[in-house]
Amino acid sequence: MTGNTKNIKSIAVLTSGGDSPGMNAAIRAVVRAGLFYKKKVFGVRNGYDGLIDNRIEELDTNSVKHILNAGGTFLKSARSERFRTKEGRAQAFKNLEHLGVDSLVVIGGNGSFTGANIFSEEFEIPVVGVPGTIDNDLFGSDRTVGYDTANNTVLECVDKIRDTATSHNRLFLVEVMGRDAGFIALNTGLASGAFDIILPEENKTYEDLFAEVKRGAANKKTSNIIIVSEGNKLGPTYDIAKNLHKNFPHLDIKVTILGHLQRGGSPSCLDRVLASELGVHAVEGLLNGKSRVMVGKVNNQLTYTFFEQAIFNKAYINQDLLRISKILSI
Ligand code: F6P
């Protein structure tokens, strides 16, 4: 877990991959903690692309004022193809070396940590990751920065859809993000009182789904919300709607894809606090010799998890929440 971390003099911070609410709060925490410990702090624009293009600038405490409550990431983010190449990473290291930057904090998800791990190993530069993704799919932290806000955003939308679904006796399929993880779907499905939740983690068949719809009708439900996780195994949400329509032609079925609005908005209190804690601990981890690890919180305890484990170990959805959602949606 330790790397060449003695005498760290400066820290660069970047955000990478899909943005998430609270990334700004995490950047602010890294910058202010770095300055607190008398280190130089640099911000990298556009994620790993900015490392390669030398878009690296020194930040001071005022550079991060009034961003705690702002959604997105003021440093901007990218999914860099060039950083996947050895040449790209070599150029990135050259740029950091030229500025005297000797450590890095990466705020992002799976893909970002894969790049960080390779980069740190290749050039022996200490790197610590902060989990920043709405998907909550990282092993080594019970929550990722942005997940809580995204849940609240989805919930607000589903509550509104519920109003119109009830007024018109309609069945709504609401698709939520999460890539191949069903955290957002499960949590918001339970919190919104959805009739059904279609998750990537379950092998639900059309027979199961049709049986559930029949059960709903038998229980005199006149309108229904089904939360569909984008990575589910039944298929694209519009196809699910078509198949439902074929079997239940009398049902008035609508599809709402919530899409990228789930990634925006001012971070919740929980996300701001989490981002602040993890940002400070990322810096303290670096200064204490940690490298190639992701900082996280598990059972309310601070943890550092090797990048390999954070990436390759699976973060499991809470099976008890799934069971409870089934009990409550009869
Ligand atoms: O990882 C965050 C996420 O929003 C996923 O939930 C989603 O599948 C993906 O990113 C979308 O990526 P993009 O914004 O590049 O289309």
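Keep in mind it's a predicted model, so treat the numbers as computed, not measured.

Cut-offs used in this document
Residues numbered from 1 in each chain as written. Predicted model: local features only at pLDDT ≥ 70, side-chain atom pairs only at ≥ 80, totals over all residues. Heavy atoms only, no water. Near = heavy atom within 4 Å. Polar contact = N/O pair within 3.5 Å; in protein donor to acceptor, adjacent residues only side chain to side chain. Areas by Shrake-Rupley, 256 points an atom, 1.4 Å probe, with all protein chains shown as cover. 1 Å grid on protein atoms, 1.4 Å probe; cavity = no way out; pocket = protein on both sides within 12 Å on 5 of 7 lines; lining within 4 Å. Sits in = over half its atoms within 2 Å of the grid points. Buried < 20%, exposed > 50% of the residue type's maximum accessible area, 1.4 Å probe, protein only. Helix = DSSP H or I, 4+ residues; strand = E, 2+ residues; numbered from the N terminus. Arc of directions from axis to C-beta. Contact = heavy atoms within 4.5 Å. Domains from an automatic or database assignment. Buried area = accessible area lost by both parts, 1.4 Å probe. Salt bridge = Lys/Arg side-chain N within 4 Å of Asp/Glu carboxyl O. Expected span 1.5 Å × (residues − 1). Core = buried A, V, L, I, M, F, W, Y, C linked by side-chain atoms within 4.5 Å.

Undergrad: Just to check I follow, could you spell out the site of the ligand for this structure?
TA: Surveying the vicinity of the ligand reveals the residues Arg79, Thr133, Ile134, Asp135, Met177, Gly178, Arg179, Glu230, His260 and Arg263. Arg263 is positioned such that a nitrogen or oxygen atom in its side chain is 2.8 Å from an oxygen atom of the ligand. Protein contact buries 74% of the 400 Å² of open area that the ligand shows by itself. Counting atoms within 2 Å of the grid points, the majority share of the ligand lands in the largest pocket.

Undergrad: Would you take a moment to explain helix H8 (residues 237-247) for this structure?
TA: Spacing of three or four residues puts side chains on the same side of an α-helix, whose turn is 3.6 residues. Three or more residues of H8 are buried, namely Thr237, Ile240, Ala241 and Leu244. For H8, the angular spread of buried residues about the axis comes to 100°, placing them on one side. Away from its buried face, by an angle of more than 90 degrees, H8 presents the exposed residues Lys242 and Lys246. Of the surrounding elements, those touching the buried residues of H8 are strand E6 (171-176), strand E7 (196-198), helix H7 (206-218), strand E8 (224-229) and strand E9 (253-257).

Undergrad: I keep staring at the domain arrangement of the protein chain and nothing clicks. Help me out?
TA: Accessible area lost upon the coming together of the parts is a frequently used measure of interface size. Per the domain assignment, the segments of the protein chain are domain 1 (10-146 + 267-312) and domain 2 (149-262). Taken residue by residue, the interface counts ten residues in domain 1 and ten residues in domain 2. Taken over both partners, the interface formed by domain 1 and domain 2 buries close to 790 Å², and the fraction arising from carbon and sulfur atoms is 50%. The interface formed by domain 1 and domain 2 contains zero salt bridges. Across the domain 1-domain 2 interface, the total number found is four residue pairs in polar contact (both at pLDDT 80 or more).

Undergrad: It is not clear to me how helix H3 (residues 86-99) should be interpreted in this structure. Could you clarify?
TA: The terminal C-alpha atoms of H3 lie 20 Å apart, and with 14 residues this matches the ideal 20 Å at 1.5 Å per residue to within 8%. Turning to H3, its buried residues are Gly88, Arg89, Ala92, Phe93, Asn95 and Leu96. Down the axis, H3 shows its buried residues gathered within 160° of arc, on one side only. Among the exposed residues of H3, those pointing more than 90 degrees away from its buried face are Lys86, Glu87, Lys94, Glu97 and His98. Looking at the buried residues of H3, the elements they touch are strand E1 (10-15), helix H2 (47-52), strand E3 (56-59) and helix H4 (110-123).

Undergrad: Honestly, the pattern of salt bridges in this entry has me stumped. Any pointers?
TA: Side-chain pairs of opposite charge can arise whenever the charged atoms involved come near each other. Counted under the stated rule, the structure contains 16 salt bridges. Here the salt bridges do not stand alone but share partners, grouping Asp49, Asp53 and Arg82 into one network.

Undergrad: What's the story with the nonpolar core in this structure? I'm lost.
TA: The nonpolar side chains of a soluble globular protein tend to be buried with one another. Counting 28 residues, the largest nonpolar core has Ile11, Val13, Ile27, Val31, Val105, Ile107 and Val130 as its most contacted members. Those elements that provide at least two residues to this core are E1, helix H1 (23-36), strand E4 (104-108), strand E5 (127-131), helix H9 (269-287) and strand E10 (293-298). With seven residues, H1 is the single largest residue contributor to this core. Setting aside anything within four residues of it in sequence, one finds Ile27 in contact with Val13, Thr15, Val64, Thr73, Phe74, Leu75 and Ile107. Phe172, Phe183, Ile197 and Ala315 belong to the second largest nonpolar core, which has 26 residues in total.

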